[in-house]
Amino acid sequence: MRINIVGAGAMGSLFGGLLAESGNQVFLIDIWKEHVDAINNKGLWIEGLSGNRFVKIEASTETEEIQGKPDLIVIFVKSYHTEEAANKLLPIIGENTSLLTLQNGLGNTEILSKIYGKEKVIAGTTSFGATILGPGKVLHAGTGPTAIGELDGKLTTRIKDIAEVLNQSGIKTEINQNVLGLIWSKLVINVGINALGVLMRVKNGEIVKGEFSPKIQRALVEEAVQVAKKKGIKLTHEDMLNEVISICKKTENNINSMLQDVIRKRKTEIDFINGAIVKEGEMVNIPTPFNQMITELIRAIEEKYEKQINI
Ligand code: NAD
């Protein structure tokens, strides 16, 4: 399959590398020039769970350098870059090109659908984990299920083909006919873990320990679940709080991605995670005071990166 990856950071590089190794024609697009140059000069270095090796793969900072139209474009920029990245894709989108988002947070399918039409977009979630180690180098840090589906739940030929290509690349993928429920369930999990981990600067396992943190986690998750239910979203688990707690325990040594961003003083996806619950809550008249407060606290932390005291 001809595949372009847009946003070849941690996840884009890992998926791109795995897809290239299994024989697909993969092209990486990223605005990070040093990373693109390193990949073109030496290859992409992948280390960790799937082994340590260089993968030969082409990369560019410019969409215009790509010849022909791909069958699939996988969007792996951070959610706050989706619109800007998607707007540059028009020249490479052909009649049979599908756009797949496996990003975290809410709103990515809507952004892509608004620009290119709903029928071009497919979505999903992944439990794979990756970290950028430097230009041209990525750590395969986590492996877990990936699920994809059509927005309308239909079992189309293209969704089957794409799932097969992912499976052949070692990315264990199932087709899910309730992709909105899947995205919301992953959102609820991120709502209960990410920002809270940032405020306490702890790994996932610590969040569910002690007296105060679990109480805040419960409040954040309950608000998100109420909003989802009011919207008629079918979540993957009856008891989402229990699922969030269980994931914290299973991934006890993980530093969540928002905490990684804050440690590196980078912009976070807060507006697409807890902030999205606030926005959606307003639309269905469900108050979300805990999510609102934590969203503003994270925004305040981002605003003060350059003023932080280092003792
Ligand atoms: P990342 O920051 O490592 O990578 C994003 C890349 O996008 C960067 O290399 C950046 O240079 C590039 N980019 C920014 N604007 C661009 C543009 N206009 N065009 C092309 N490239 C552009 O992020 P990540 O950790 O790989 O996460 C990507 C998405 O996947 C996020 O939504 C994240 O929440 C989700 N996710 C991450 C993990 C993980 O373990 N890292 C796991 C599951 C889901």
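All residue numbers refer to position in the chain's written sequence, counted from 1. Given that this is a predicted model, residues contribute local features only at a pLDDT of at least 70 and side-chain atom pairs are listed and counted only at 80 or more, while totals for whole chains, interfaces and linings are drawn from all residues. Values shown for side chains rest on all heavy atoms present in the structure; no hydrogens or waters enter the calculation.

When DSSP finds at least two bridges between two strands, those strands are taken to pair. Secondary structure elements follow DSSP: runs of H or I no shorter than four residues count as helices, runs of E no shorter than two count as strands, and numbering proceeds from the N terminus. Spatially, four strands are ordered β4-β3-β10-β9 in an open sheet, and the strand pairing comes out mixed. The sheet is open, and its two borders are formed by β4 (53–55) and β9 (129–134), each paired with just one other strand. When strand polarity is set aside, the average angle formed by the axes of neighbouring strands in this sheet is 30°. With three bridges connecting them, strand β3 (residues 44–48) and β4 associate as antiparallel partners. Angles shown run from 0 to 180 degrees and are taken between the N-to-C directions of axes, each axis being a line fitted to C-alpha atoms and, for helices, limited to the stretch in contact.

It is worth spelling out the packing of aromatic side chains at this point. Any pair of Phe, Tyr and Trp rings, taking the six-membered ring for Trp, is counted once the centres come within 6.5 Å. Such a pair is stacked with planes under 30 degrees apart, edge-to-face with planes over 60 apart, and tilted for the rest. For the structure on display, the rule yields three aromatic pairs. A connected cluster of aromatic rings, assembled from ring pairs, spans Phe 15, Phe 76 and Phe 128. By definition, being over a ring means that NZ of Lys or CZ of Arg is both within 6 Å of the ring centre and within 35 degrees of the ring normal. Directly above the ring of Tyr 80 sits Lys 267, whose terminal nitrogen or CZ lies 5.0 Å from the centroid.

Once that is clear, we can look at the domain arrangement of the protein chain. Boundaries between domains were set according to an automatic or database domain assignment. Domains assigned within the protein chain are domain 1 (2–177) and domain 2 (181–307). Computed over C-alpha atoms only, the centres of domain 1 and domain 2 are separated by 25 Å. Note on contacts: a residue pair is in contact if any heavy atoms of the two residues lie within 4.5 Å. Taken together, the contacts link 16 residues of domain 1 with 17 residues of domain 2. Once two parts are brought into contact, the accessible area they lose, counted with a 1.4 Å probe and summed over both, makes up the buried area. Together domain 1 and domain 2 conceal approximately 1,500 Å² of surface at their shared face, both sides included; 62% is due to carbon and sulfur atoms.

This part covers the sheet that holds strand β8 (residues 121–126). Ordered in space as β5-β2-β1-β6-β7-β8-β11-β12, the eight strands form an open sheet in which the pairing is mixed. At either end of the open sheet lies a strand with only one pairing partner, and these are β5 (58–60) and β12 (173–175). Each strand of the sheet is rotated relative to its neighbour by a mean of 25°, with strand direction disregarded. Pairing between strand β11 (residues 146–150) and β12: three bridges, direction parallel. Paired with Thr 146 across the strands is Thr 173, a residue of β12. Those strands touched by helix α1 (residues 10–21) are β1 (2–6), β2 (25–29), β8 and β11, and its axis lies near 165° from that of β2. In the packing of helix α2 (residues 33–42) onto the sheet, the strands contacted are β2 and β5, and the crossing angle to β5 comes to about 155°.

Let us look at the site of the ligand. Near residues are defined by distance, with any heavy atom within 4 Å of the molecule or strand qualifying the residue. Neighbouring the ligand are 23 residues; Ala 10, Met 11, Asp 30, Ala 130 and Glu 269 lie closest to it. Here a polar contact means two N or O atoms within 3.5 Å. Within protein one must be a hydrogen donor candidate and the other an acceptor candidate, and residues neighboring in sequence count only if both atoms are side-chain atoms. Within the side chain of Asp 30, an N or O atom sits 2.6 Å from an oxygen atom of the ligand. Asn 104 is positioned such that a nitrogen or oxygen atom in its side chain is 3.0 Å from an oxygen atom of the ligand. When the free accessible area of the ligand is taken as 840 Å², the share hidden by the protein chains comes to 89%. Counting residues per element, the ones that place at least two in the shell around the ligand are α1 and β9. Note on areas: Shrake-Rupley with a 1.4 Å probe; residue coverage comes only from the protein chains shown.

On to the pattern of salt bridges. When the charged atoms of two side chains with opposite charge come close together, those side chains can pair. One speaks of a salt bridge when a side-chain nitrogen belonging to Lys or Arg is within 4 Å of a carboxyl oxygen belonging to Asp or Glu. Enumeration according to the criterion identifies 10 salt bridges in this entry. The shortest N-O distance in the salt bridge between Lys 78 and Asp 261 comes to 3.1 Å. Remark: Asp 261 occurs in helix α10 (residues 257–263) and Lys 78 occurs in the loop between β6 (72–75) and α3 (82–87); sequence separation between them is 183 residues. Each residue is placed in one exposure class: buried if its accessible area under a 1.4 Å probe, protein chains only, is under 20% of its type's maximum, exposed if it is over 50%, and partly exposed if it falls in between. Overall, the relative accessible area of 3% leaves Asp 261 in the buried class. A salt bridge links Arg 158 to Glu 150; the nearest nitrogen and oxygen atoms lie 2.7 Å apart. Residues joined by salt bridges that share partners form a network here, namely Lys 78, Asp 261 and Arg 266.

Okay, the pairing of β3 next. Taking the residues between adjacent antiparallel strands as the criterion, β3 and β4 are bridged by four residues, where Gly 51 takes a positive phi near 105°. Sheet topology note: the β3/strand β10 (residues 137–142) ladder contains four bridges and is parallel. In the strand pairing of β10, Trp 45 is matched with Lys 137.

Take the environment of Leu 297 next. Its place among the elements puts Leu 297 in helix α12 (residues 289–303). On a C-alpha basis, the gap between Leu 297 and Leu 102 in space is 27 Å, while along the polypeptide they are 195 residues apart.

Next up on the list: the side chain of Glu 302. Looking at where Glu 302 falls in the secondary structure, it is placed in helix α12. Only four residue types enter the charge count: Lys and Arg as positive, Asp and Glu as negative, with His and the chain ends excluded. No salt bridge is formed by the buried Glu 302. Its closest oppositely charged neighbour is Lys 267, at 5.1 Å. When residues no more than four places from it in sequence are discounted, the contact partners of Glu 302 are Arg 266, Lys 267, Thr 268 and Ile 270.

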